[in-house]
Amino acid sequence: MSELIYQEETIVQRQCIDYLESIGCYVKKVIQSNKNGWPDLDVYRKLKRRNRAETFCVECKATGELADPLQQRRHYELSLVGVMTYVIDDVNKLKELVK
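The notes below deal with the structure included here. Predicted model, so just to flag it, every value in this text is computed and none were measured. Per chain, the residues get numbers from 1 upward, laid out in the order the sequence is written. Given that the model is predicted, a residue must reach a pLDDT of at least 70 before its local features are reported, and side-chain atom pairs must reach 80 or more before they are shown or counted; all residues, however, enter totals for whole chains, interfaces and linings. Calculation of side-chain values draws on the structure's entire complement of heavy atoms; hydrogens and water are dropped beforehand.

### Considerations on the nonpolar core
- Here, the term nonpolar core denotes a set of buried Ala, Val, Leu, Ile, Met, Phe, Trp, Tyr and Cys residues that are joined through side-chain atoms within 4.5 Å. Each residue is placed in one exposure class: buried if its accessible area under a 1.4 Å probe, protein chains only, is under 20% of its type's maximum, exposed if it is over 50%, and partly exposed if it falls in between. Among the nonpolar cores identified, the biggest contains 17 residues, and Cys-16, Leu-20, Leu-41, Val-58 and Leu-94 are the most heavily contacted of them.
- Strands are runs of DSSP state E lasting at least 2 residues, helices are runs of H or I lasting at least 4, and numbering of each runs from the N terminus. Those elements that provide at least two residues to this core are α1 (9–22), β2 (41–46), β3 (53–60), β4 (84–88) and α3 (91–97).
- Should any heavy atoms of two residues lie within 4.5 Å, those residues are counted as being in contact. Contact partners of Leu-20, with chain neighbours within four places excluded, come to Cys-25, Val-27, Val-43, Phe-56, Val-58, Leu-94 and Val-98.

Laid out in structure tokens, this is it:
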């Protein structure tokens, strides 16, 4: 069984951005928002159908950390308008979800 290596949130975030950009996504790191608890990354990915895109968000966390209650609320609110939010504490989890 492999041992889980602790990574700080900033490292996980950088790895997520690098991966998403490597597969052709446009990634916007959210530094400030009018809504507290907004996810760290807004991601836009072109779909195979012409002129169509998929939008989703990524909440980056240090290894083993979870979204706090306000962040969970924002994720739920986003889901109501059709935007999926992934909470990621290891870039390999993101690679499994977004190929």
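We are not done yet, so read on.
### A few points about the packing of aromatic side chains
- Only Phe, Tyr and Trp rings are paired, with Trp represented by its six-membered ring, and only when their centres lie within 6.5 Å; those with planes under 30 degrees apart are stacked, over 60 edge-to-face, the remainder tilted. Here the structure, examined in full by the defined rule, presents two aromatic pairs.
- Taking 6.1 Å as the distance between ring centres and 45° as the angle between the ring planes, the aromatic pair formed by Tyr-26 and Tyr-44 counts as tilted. Residue Tyr-26 is located in strand β1 (residues 26–29), and its partner Tyr-44 is located in strand β2; the two are separated by 18 residues in the primary sequence.
- Overall, the relative accessible area of 58% leaves Tyr-26 in the exposed class.
- On the accessibility criterion, Tyr-44 (31% relative accessible area) is partly exposed.
- Between Phe-56 and Tyr-86, the aromatic rings sit 5.5 Å apart at their centres with planes inclined by 75°, giving edge-to-face as the arrangement. Taken together, the residues span a long stretch of sequence, with Phe-56 in strand β3 and Tyr-86 in strand β4 at a distance of 30 residues. Judged on exposure class, the residue Phe-56 and its partner Tyr-86 are both buried.

### Looking at the pattern of salt bridges
- Salt bridges are defined as contacts in which a side-chain nitrogen from Lys or Arg sits within 4 Å of a carboxyl oxygen from Asp or Glu. Under the defined criterion, the tally for this structure stands at seven salt bridges.
- When the shortest N-O distance is used, the salt bridge between Lys-93 and Asp-89 registers 2.6 Å.

### Digging into helix α2 (residues 69–80)
- The first and last C-alpha atoms of α2 sit 17 Å apart over 12 residues, in line with the 16 Å expected at 1.5 Å per residue.
- Restricting attention to buried positions, one finds in α2 the residues Gln-71, Arg-74, His-75 and Leu-78. Burial along α2 is one-sided: seen end-on, the buried residues are contained in an arc of 100°. Opposite the buried face of α2, by more than 90 degrees, sit the exposed residues Pro-69, Tyr-76 and Leu-80.
- If you follow the buried residues of α2, they end up packed against β3 and β4.
- Definition of a polar contact: a pair of N or O atoms within 3.5 Å, with one able to donate and the other able to accept a hydrogen when the atoms are protein atoms, and with sequence-neighbouring residues admitted only if both atoms are side-chain atoms. Backbone nitrogen of Leu-70 and a side-chain oxygen of the N-cap are separated by 3.1 Å at the start of α2; the cap is Asp-68.
- Gly-82, located one to two residues past α2, shows a positive phi value of around 85°. Expected span of a helix, by definition, is 1.5 Å for each gap between consecutive residues, and there is one gap fewer than residues. This arc is built from the directions going out from the helix axis to the C-beta atoms.

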